[in-house]
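Letter by letter, the chains look like this.
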Amino acid sequence: MNKVMSNIWMITLYILPALLLLLVLIYIPLGLSAYYGFLEWDGIGNMKFIGLDNFITGIQDMKFWSSVYHSFLLALFSALSLLAYLAISLILASNIKGSDILRKIYLIPMLLSSVAIAQLWIKVYNPTNGMLNSFLMAIGIDDPPAWLAEPSLVLYAIFIPILWQYAGFYILIYYAALKNIPAALVEAARMDGASPWQVAFNIKLPLIKGVFKVTIVLAIVGSLKYFDLIYVMTGGGPNGASEVMASYMYKVAFRSYDFGYGSAIGFLLLIITLMVTFIVRKLTVSDEEELQY
Amino acid sequence: MQRVGYVVLYVILIIIAIVQIFPLFWLFLFSLKDNQQIFAKSPFSLPDHPHWENYLKAWQGNIGIYFFNSVWISAVAIVLTVLFASMATFAITRMKWKLSKLVLGLFMVGLMIPLHSALIPLFKLYLSVDLIDNPISVVLSYTAFHLPVTMMILLGFYYTLPKEIEEAAIMDGCSVNLLFARIILPMTTSVLSTTVIINMIYNWNEFVFVNTFISSDQYKTLTVGIQNFIGQYQTDWGPIGATLIISIVPIIILYIFFSNKIVEGMSASAIKG
């Protein structure tokens, strides 16, 4: 038994295809993005080593920092929106009839491609014929803004479809966690005269704390990686007002053909994401819950 | 009093449900309108008569080709992802070797990595082996980047498989390959179907790899293709709506038939166990 299942050739045969793909297409490129960051390179021609220049450019580049700021703002909004999703899940999980079908309806936007969502919401936000402004004009607001063309509004306007898209996903997770709470616990509290609020705050929420922490990491790290939706909806505009880290990197590399600087930004994106992941997990995950992933 | 509260909460839940599906309903409405109705009448009005020709117009672009590419690229990537992930999960959970924990860790860290950080080097890598504007680059990228989440879903299941079964099989002289192909894989069909469906959704909706690696129309998938199509028909809302509906319908049909699997896969992809 032991001999067969610890045969080195067999192990290699089974692990190698996946491991090779992982190393060659994910880990090595990640390492290379740091290396390319030291180069001056237009993607086709010669690569010239220029030391830390790209990284210094990055540190001085206000456009880069504003994209970082926008990414963090979206991460903050996403983390805060979890509270709303949690509240909805609490209602949904309290023996509501039809909760199963409701939660399946909530999940529908999550199944769509970001491109489709972006194109749909471009139409929703259309200044004259869109769903939103038509509605606002119908209720008497005469001059509703052109949401996606307004630098001061665009980031919020982009966040709404994100909220819409992910609602079902987080509600699903919280719902499952809430349903996992032993009914006897809730029953016992009720018998002792606890109100529904007390049951929610003193029994249910503490019991799903672990799941909540995991979703905070998911929401924050996920937001730092946003690309498709923003790329399609605004391309980072108007005038960089909705630029995020990934879209800025993409623009520098594949639109301005500055692959060296693009790689440096890509590498900074990696470092920032990993650092934030680490910090958020340190702040939220206690020792016994370590390795929950 | 409690009854009133219950009704209020119920109404909130139903309003949220409407918010979640109304934009899609509105999309369907304008996919059946012509420009005159769209620009002259209320966006909430029903089409005078359904303009199905919008769908014809959408289909006459390259949507047919994009659709076909989405199907086969997704399918090939799914087969590779699920097969390789199963093999790797089998090796990690059932076989005995020193580095298994470390390798598992490598896969799990892969869950957190922003793919955009790897994009430029990947582009350069494919360029150097002449795979740019070749769908193989997309298939390989889908497979590699979806291995971690697929393995995460599989892991929980593999840990629960009883050791006795494989012990008995090995005692009877069954080889590792037979054990994997004939005994383990069939036992995991339920969780395998979950991973297939989750990968289907991911691959069908993927955008950035195709947008970066593919330039010819003949290899583009739906997400990138509709993006081009819409660029050409900017003011023609009807065909744009029709195109979006065409890209959405397969996923919705999948959801109608496999909603439980999708729900299960979505939660498993987020939180282990």
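Computed from a prediction, not measured in an experiment: that's the story for all the values here.

Draft legend 1. Quick look at the UniProt feature "transmembrane region" (unreviewed entry) in chain A. All names here are of chain A. UniProt tags residues 12-38, 72-93, 105-122, 153-177, 211-233 and 259-280 as "transmembrane region" (unreviewed entry). Between the C-alpha atoms that bound residues 72-93 the distance is 31 Å, and the span itself is 95% helix and 0% strand. Summarising residues 211-233: 87% helix, 0% strand, and an end-to-end C-alpha distance of 32 Å.

Draft legend 2. Layout of empty space enclosed by the protein. Within the structure shown, the criterion is met by five cavities of 30 Å³ or more. For the second largest cavity, the calculated volume is near 60 Å³. Together, A:Leu111, A:Leu112, A:Ser113, A:Ala116, B:Trp204, B:Asn205, B:Leu222, B:Thr223, B:Ser247, B:Ile248 and B:Ile251 line the second largest cavity. Elements supplying a minimum of two residues to the lining of the second largest cavity: helix 9 (189-205), helix 11 (222-232) and helix 12 (237-270) of chain B. Looking at which element gives the most residues to the lining of the second largest cavity, the answer is helix 12 of chain B, with three residues. Residue composition of the lining of the second largest cavity, by class: seven nonpolar, four polar and no charged.

Draft legend 3. Fine view of the environment of A:Leu178. Residues and elements named next belong to chain A. Mapped onto the secondary structure, Leu178 falls in helix 8 (residues 154-179). The buried category is assigned to Leu178, whose relative accessible area is 8%. Remark: the alpha-carbon pair of Leu178 and Val211, spanning 33 residues in sequence, is separated by 9.7 Å. Residues in contact with Leu178, not counting those within four places in the same chain, are Ser89, Leu90, Ala93, Lys204 and Ile208.

Draft legend 4. A look at helix 10 (residues 196-207) of chain A. Residue and element names in this part refer to chain A. Here helix 10 is 12 residues long and its end C-alpha atoms lie 15 Å apart, about the 16 Å a rise of 1.5 Å per residue gives. All of the buried residues along helix 10 are Val199, Ala200, Lys204 and Leu205. The buried residues of helix 10 occupy one face: seen down the axis, they fall within an arc of 140°. Exposed residues on helix 10 whose side chains face more than 90 degrees from its buried face are Phe201 and Asn202. Where helix 10 is buried, its residues meet helix 4 (62-92), helix 8, helix 9 (183-191) and helix 11 (209-224).

Draft legend 5. Broad picture of the packing of aromatic side chains. Residues and elements named next belong to chain A. Inspection of the entire model under this criterion finds 39 aromatic pairs over all chains. For the pair Phe55 and Phe267, a centre-to-centre distance of 6.4 Å together with 85° between the ring planes defines the contact as edge-to-face. Taken together, the residues span a long stretch of sequence, with Phe55 in helix 3 (residues 53-60) and Phe267 in helix 14 (residues 259-284) at a distance of 212 residues. Note on Phe55: relative accessible area 12%, which makes it buried.

Draft legend 6. Geometry of the UniProt feature "transmembrane region" (unreviewed entry) in chain B. Residues and elements named next belong to chain B. Mapped onto this numbering, the UniProt entry annotates "transmembrane region" (unreviewed entry) at residues 7-29, 63-90, 102-127, 139-159, 179-202 and 237-258. The span residues 63-90 carries 100% helix and 0% strand; its end-to-end C-alpha distance comes to 40 Å. Secondary structure content for residues 102-127 is 77% helix and 0% strand, and the end C-alpha separation is 31 Å.

Draft legend 7. Broad picture of unusual backbone geometry. If you check the backbone angles, A:Asn239 has positive phi at about 55° while not being a glycine. Structurally, A:Asn239 can be placed in the loop between helix 12 (228-233) and helix 13 (245-255). For A:Asn239, a relative accessible area of 81% gives the class exposed. Unusually for a residue other than glycine, B:Asp133 sits at a positive phi of about 60°. Within the secondary structure layout, B:Asp133 lies in the loop between helix 5 (116-128) and helix 6 (135-160).

Draft legend 8. Quick peek at the confidence of the model for chain A. The share of residues in chain A with pLDDT of 70 or more is 96%, and the mean pLDDT across the chain is 87. Mean pLDDT across the elements of chain A ranges from a minimum in helix 1 (residues 2-5) of chain A, with 72, to a maximum in helix 4 of chain A, with 93.

Draft legend 9. A look at the interface of chain B and chain A. Contacts between the two partners involve 93 residues from chain B and, on the opposite side, 92 residues from chain A. The junction of chain B with chain A conceals about 8500 Å² of combined surface from both sides, 78% of it contributed by carbon and sulfur atoms. Applying the counting rule to chain B against chain A returns zero salt bridges. At the boundary of chain B with chain A, the tally comes to 19 residue pairs in polar contact (both at pLDDT 80 or more). At 16 residues, the largest contribution of residues to the side of chain B that touches chain A is made by helix 1 (residues 2-31) of chain B. Classifying every residue of the side of chain B that touches chain A by side-chain character gives 69 nonpolar, 18 polar and six charged.

Cut-offs used in this document
- Residues numbered from 1 in each chain as written.
- Chains lettered and ligands numbered in written order.
- Predicted model: local features only at pLDDT ≥ 70, side-chain atom pairs only at ≥ 80, totals over all residues.
- Heavy atoms only, no water.
- UniProt positions renumbered as here; feature names shortened; annotations may be inferred.
- Helix = DSSP H or I, 4+ residues; strand = E, 2+ residues; numbered from the N terminus.
- 1 Å grid on protein atoms, 1.4 Å probe; cavity = no way out; pocket = protein on both sides within 12 Å on 5 of 7 lines; lining within 4 Å.
- Points joined across faces, edges and corners; volume = space filled by probe spheres on them.
- Nonpolar A, V, L, I, M, F, W, Y, C, P; charged D, E, K, R; others polar.
- Buried < 20%, exposed > 50% of the residue type's maximum accessible area, 1.4 Å probe, protein only.
- Contact = heavy atoms within 4.5 Å.
- Expected span 1.5 Å × (residues − 1).
- Arc of directions from axis to C-beta.
- Phe/Tyr/Trp six-rings, centres within 6.5 Å; stacked < 30°, edge-to-face > 60°.
- pLDDT = per-residue confidence, 0-100.
- Buried area = accessible area lost by both parts, 1.4 Å probe.
- Salt bridge = Lys/Arg side-chain N within 4 Å of Asp/Glu carboxyl O.
- Polar contact = N/O pair within 3.5 Å; in protein donor to acceptor, adjacent residues only side chain to side chain.

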